[in-house]
Amino acid sequence: MTMEPRTSVIEKRLKNIKRIIAVASGKGGVGKSLVASSLALHLAHHGYKVGLLDLDLYGPSSHIILGIKDEFPTEEKGIIPPTVHGISFMSIVYFTQEKPSPFRGVDISNIILELLAITQWGSLDFLIIDMPPGIGDETLDVIRYMKTSEFLVVTTPSKVAMGAVSKLLKILIELKKPVLGVIENMTMTDSSFIKQEVKKLKVQYLGKIHFDETLEEAIGNADRLAETQAMKNLAVVLRKINL
Amino acid sequence: MHEWALAESIVMAAVETAQKENLKIITEVTVHIGELQQIEKEIFLFALNELAKSQKPKIKNDAFHLKIEKGTLTCKTCGHTWKYSDMKKKLNETESESIHFIPEVVFVHARCPKCGSPDFEITKGRGVTLTSIKGAR
Ligand SMILES: Nc1ncnc2c1ncn2[C@@H]1O[C@H](COP(=O)(O)OP(=O)(O)O)[C@@H](O)[C@H]1O
Ligand SMILES: [Mg+2]
Ligand SMILES: [Zn+2]
């Protein structure tokens, strides 16, 4: 016999986390990492105990957005993520040192299992997951191993983005996963196309985050990020779901 | 010592299996430890024995047997096979420590010694697996 022992311990590792929110999309480049990082910051500012797990193993970005560098987990009965800007932050980047990461699907699943088995989050009000795009290994593994996860879905106003996002929403609905709603990011007009598409799927449309020209300058600086128009728009959107 | 977290997964998996099989006592558990994970055998065994103390079903003293599995890698591009122990000499401390936590980052820090491809696979010696459990009903 060969038995995979890591799956047995995951539930215990996640036991003291009240809510797990995966920030997902069918498409890349729509603002998942921005929303995940900003959401984690927002919740930390409101006094919640927050963890942020970057599961975009090919292109981890949360540490860039939040300006996290020269940090490493502490080893104690597992690994304890460092707390930065009030957020317990875990990312593959601690182990790849920003080098390119050529992983195949089976490796992705193994990495996720390892991270979930050895990370000691302690007690958290929220664990936010910055997801890669699509419905591949990472999404399936989150659904499989993080049974209580809820999904916050991000799209842009584009028909192309919404095409892929609809597929993600449909599979989440089919699998009966809770979908908190859809955020329309980087809007430039007041088109209601996305709102209508989302409503057709009977999912809550949460509102718009406008394209923010000043955002790029705030990347890497958590304090400045908190002051951006995008963050203010996000706060309004989050009120709809009591976050 | 993140060995503790992995030891905990072994003990929990052994207990789960024993419960399914209706064992009253676990007498022997064999664990394969992949070389890539570079686990300290003594620390790991200590953690296993500590964690085993308060389990149901009971786990017999010194029930754990550890076997180190040598790391072997095979290139998907050129078919070359090589040993992790040979490759390890070329890795610096940070790289080798990263592989100790997450064996798959070997694809990040190393290349096929013959053709330079990052597209190789860990054919042996990746992580920690439970290979046998014995007990009595
Ligand atoms: N509302 C916005 N206004 C301006 N730029 C944005 C906005 N949202 C995201 N961006 C930028 O768009 C790029 C992609 O965002 P990112 O969060 O990395 O997307 P994803 O994680 O979905 O791939 C980043 O450079 C980010 O700073
Ligand atoms: Mg991203
Ligand atoms: Zn090769």
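This structure is a prediction, so every number in the text was calculated from the model and none was measured.

Draft legend 1. The overall build of chain B, seen in detail. A tally of helices and strands in chain B yields five helices and seven strands. Overall, chain B is about 55 × 25 × 15 Å in size when its C-alpha atoms are taken along their principal axes. In chain B, 75% of the contacts between residues at least 6 apart in sequence involve partners at least 24 apart. Element-wise, carbon and sulfur atoms account for 49% of the exposed surface of chain B, whose accessible area totals about 6600 Å². Taking the 20 positively charged and 18 negatively charged side chains of chain B as two groups, their mean positions are separated by 7 Å.

Draft legend 2. Summary view of the coordination of the zinc ion (ligand 3). Residue and element names in this part refer to chain B. Looking at the metal site, the zinc ion (ligand 3) is ligated by Cys-75 (SG), Cys-78 (SG), Cys-112 (SG) and Cys-115 (SG), spaced 2.3 to 2.4 Å from it. Around the zinc ion (ligand 3) sit four donor atoms, and with donor-metal-donor angles ranging over 106 to 112° the site reads as tetrahedral. Expressed as a motif, the donor residue spacing for the zinc ion (ligand 3) is C-x2-C-x33-C-x2-C. You can see Cys-78 sitting in the loop between strand E4 (72–75) and strand E5 (81–83) and its partner Cys-112 sitting in the loop between helix H5 (106–109) and strand E6 (120–124), a full 34 residues away along the chain.

Draft legend 3. Molecular detail of the layout of surface pockets. A volume near 490 Å³ is recorded for the largest pocket. For the largest pocket, the lining is made up of 29 residues, of which A:Val106, A:Asn110, B:Glu104, B:Ile122 and B:Arg126 are closest to its centre. Put simply, the parts of the chain that give the lining of the largest pocket at least two residues each are helix H5 (105–118) of chain A together with strand E1 (25–34), E6 and strand E7 (128–136) of chain B. When its residues are assigned to classes, the lining of the largest pocket shows ten nonpolar, eight polar and eleven charged. Shared between two domains, the lining of the largest pocket holds at least three residues of each, these being domain 1 (3–69 + 125–136) and domain 2 (72–124) of chain B. Volume-wise, the second largest pocket comes out at about 410 Å³. Along its surface, the second largest pocket is lined by 25 residues, and A:Gly31, A:Leu34, A:Met186, A:Leu215 and A:Ile219 are the ones closest to its centre. For the lining of the second largest pocket, the leading source of residues is helix H2 (residues 32–45) of chain A, giving three residues. Class assignment of the residues belonging to the lining of the second largest pocket gives a composition of eleven nonpolar, eight polar and six charged.

Draft legend 4. Quick look at the interface of chain B and chain A. Taken together, the 37 residues of chain B in the interface contact 34 residues of chain A. Around 3000 Å² of area is buried between chain B and chain A when both sides are counted, 62% of it from carbon and sulfur atoms. Sorting the residues of chain B by area buried against chain A places B:Phe101, B:Ile102 and B:Val108 first, and these three jointly supply 18% of that buried surface. Counting across the chain B and chain A interface gives five salt bridges.

Draft legend 5. The arrangement of the domain arrangement of chain B in detail. Residue and element names in this part refer to chain B. When its domains are assigned, chain B resolves into domain 1 (3–69 + 125–136) and domain 2 (72–124). Between domain 1 and domain 2, the C-alpha centre-to-centre distance is 27 Å. Across the domain 1/domain 2 interface, buried area totals approximately 950 Å², and carbon plus sulfur atoms make up 56% of it. The three residues of domain 1 that bury the most area against domain 2 are Leu-36, Gln-38 and Arg-126, which together make up 62% of that side's buried surface. Remark: the boundary between domain 1 and domain 2 carries one salt bridge. Arg-126 is the salt-bridge partner of Glu-104, the closest N and O atoms lying 2.5 Å from each other. Here domain 1 is connected to domain 2 by five residue pairs in polar contact (both at pLDDT 80 or more). Tallied by class, the residues present in the side of domain 1 that touches domain 2 amount to one nonpolar, three polar and four charged.

Rules used throughout
- Residues numbered from 1 in each chain as written.
- Chains lettered and ligands numbered in written order.
- Predicted model: local features only at pLDDT ≥ 70, side-chain atom pairs only at ≥ 80, totals over all residues.
- Heavy atoms only, no water.
- Helix = DSSP H or I, 4+ residues; strand = E, 2+ residues; numbered from the N terminus.
- Contact = heavy atoms within 4.5 Å.
- Areas by Shrake-Rupley, 256 points an atom, 1.4 Å probe, with all protein chains shown as cover.
- Lys, Arg positive; Asp, Glu negative; His and termini not counted.
- Charge placed at Lys NZ, Arg CZ, Asp CG, Glu CD.
- Donors = N, O, S within 2.8 Å, 3.2 Å for Na, K, Ca; no water.
- Tetrahedral: all angles 85-135°; square planar, octahedral: opposite > 155°, others 65-115°.
- 1 Å grid on protein atoms, 1.4 Å probe; cavity = no way out; pocket = protein on both sides within 12 Å on 5 of 7 lines; lining within 4 Å.
- Points joined across faces, edges and corners; volume = space filled by probe spheres on them.
- Nonpolar A, V, L, I, M, F, W, Y, C, P; charged D, E, K, R; others polar.
- Domains from an automatic or database assignment.
- Buried area = accessible area lost by both parts, 1.4 Å probe.
- Salt bridge = Lys/Arg side-chain N within 4 Å of Asp/Glu carboxyl O.
- Polar contact = N/O pair within 3.5 Å; in protein donor to acceptor, adjacent residues only side chain to side chain.

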